[in-house]
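Residues per chain are reported as follows:
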Amino acid sequence: MTTASAFGKIILFGEHAVVYGRPAIAAPVTHVRATATITPTKDARVWIDASDIARRYALDDAAPEDPIASIIRLTCAQLGVEPRNFSVHIHSTIPVARGLGSGAAVSVAMARALAAHFNRTLSAVEASALAFEAEKLHHGTPSGIDNTVVAFEQPVYFVKGKPIETFRIARAFQIAIADTGIAAPTKIAVGAVRRAWEVRRAQYEAWFDEIGGIVDDARAAIERGEISSLGSLMLKNQALLQKIGVSSDEIETLVDAAIGAGAEGAKLSGAGRGGNIIALVSDETREEVVRAMKKAGAVRVMVTEIRGQGSGIRGWRSEVRG
Ligand code: PMV
């Protein structure tokens, strides 16, 4: 039996605009993860056991758009092996369609587990590329940020089509992640933004430029340890996300609750129209903000600490508290 897993993620700044070539910043969330287990069998058919959704089916019978079947086929093709004589079990603690990268994490966990099962190594670049191929089948035009941050397990400054880039975190900061309880498939929000962009291209491009500027300011603030300026940057980013049409009443309610309880900034994270919001908290404000967001309807709140030791990939770490 071979097991591998992959963490979830949050986007700190820049979602949606990143699909249109602007930068975004994302970080792993290490206390939710997807786990894939491969068991050798005598049966030539590959059986997929997705226990979270209570489904067991054969790879051959999977629908063409089945995400688990896709990543199995893609990974086996990459490894140059036939998909046969094994069964897979997939389990995930990452809420689905909440902007936490559950699809990318399932893909990366599966790719890693298959590579291990066939005694092969798969680099982070390869795992990321496979997950990206799988995402493309289901999301249409993904930027690639989810598979990148999930496969590399590092906070990243991401620009579509460019090599992974990391940067110095001069001072640790805490992010509370609150779930609106509303599942919001990425494809639908991204599709809606695409249609609106087609109609009002110049306006949307201008908003994306503004978001790109906020991402660069946020990176500079993180590099200088000016955490207090991150709060207002989050609020500016949220105002633009509202304009491009991906916020919702539930998101605004949680953002207002967080700010009202002392968070220095808050915004939606991921595709929006539901999913999670993130709030900048500190030791002083954390408990009050978490309590206020739960009272305002959050179905679940996690707190992640993002910190760096020195610079570069090895200096990055994302921890979870509370
Ligand atoms: O999968 P989510 O919900 O984290 O959304 C991904 C972020 C988007 O920018 C909305 C889409 C993308 O492909 O980057």
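Refer to the structure above for everything that follows.
Reference entry: report on the structure contained in this document.

**Overview of the site of the ligand**
Inspection of the region around the ligand gives 15 residues, with K9, H16, S143, D146 and A271 positioned closest. One of the side-chain N or O atoms of S143 is found 2.5 Å from an oxygen atom in the ligand. T186 places a polar side-chain atom, nitrogen or oxygen, 3.1 Å from an oxygen atom of the ligand. For the ligand, whose accessible area on its own is 380 Å², the fraction buried by protein is 94%. Put simply, the parts of the chain that give the shell around the ligand at least two residues each are strand 1 (2-13), helix 4 (145-152) and helix 5 (186-199). Here the shell around the ligand spans two domains, since at least three of its residues come from each of domain 1 (2-158) and domain 2 (173-306).

**Here's the deal with the pairing of strand 3 (residues 47-50)**
Burial of strand 3 is one-sided: the residues I48 and A50 facing one way are buried, the residues W47 and D49 facing the other way are not. Sheet topology note: the strand 3/strand 4 (residues 55-58) ladder contains 4 bridges and is antiparallel. Counterpart to A50 in the pairing with strand 4 is R55. Counting the residues in the hairpin turn of strand 3 and strand 4 gives 4 residues, including A54, whose phi is positive at 50°. Summarising the sheet, strand 3 and strand 5 (residues 86-92) pair through 4 bridges and their orientation is parallel. Bridge pairing links D49 to H89 in strand 5.

About the thresholds
- Residues numbered from 1 in each chain as written.
- Predicted model: local features only at pLDDT ≥ 70, side-chain atom pairs only at ≥ 80, totals over all residues.
- Heavy atoms only, no water.
- Near = heavy atom within 4 Å.
- Polar contact = N/O pair within 3.5 Å; in protein donor to acceptor, adjacent residues only side chain to side chain.
- Areas by Shrake-Rupley, 256 points an atom, 1.4 Å probe, with all protein chains shown as cover.
- Helix = DSSP H or I, 4+ residues; strand = E, 2+ residues; numbered from the N terminus.
- Domains from an automatic or database assignment.
- Buried < 20%, exposed > 50% of the residue type's maximum accessible area, 1.4 Å probe, protein only.
- Pairing = 2+ DSSP bridges.

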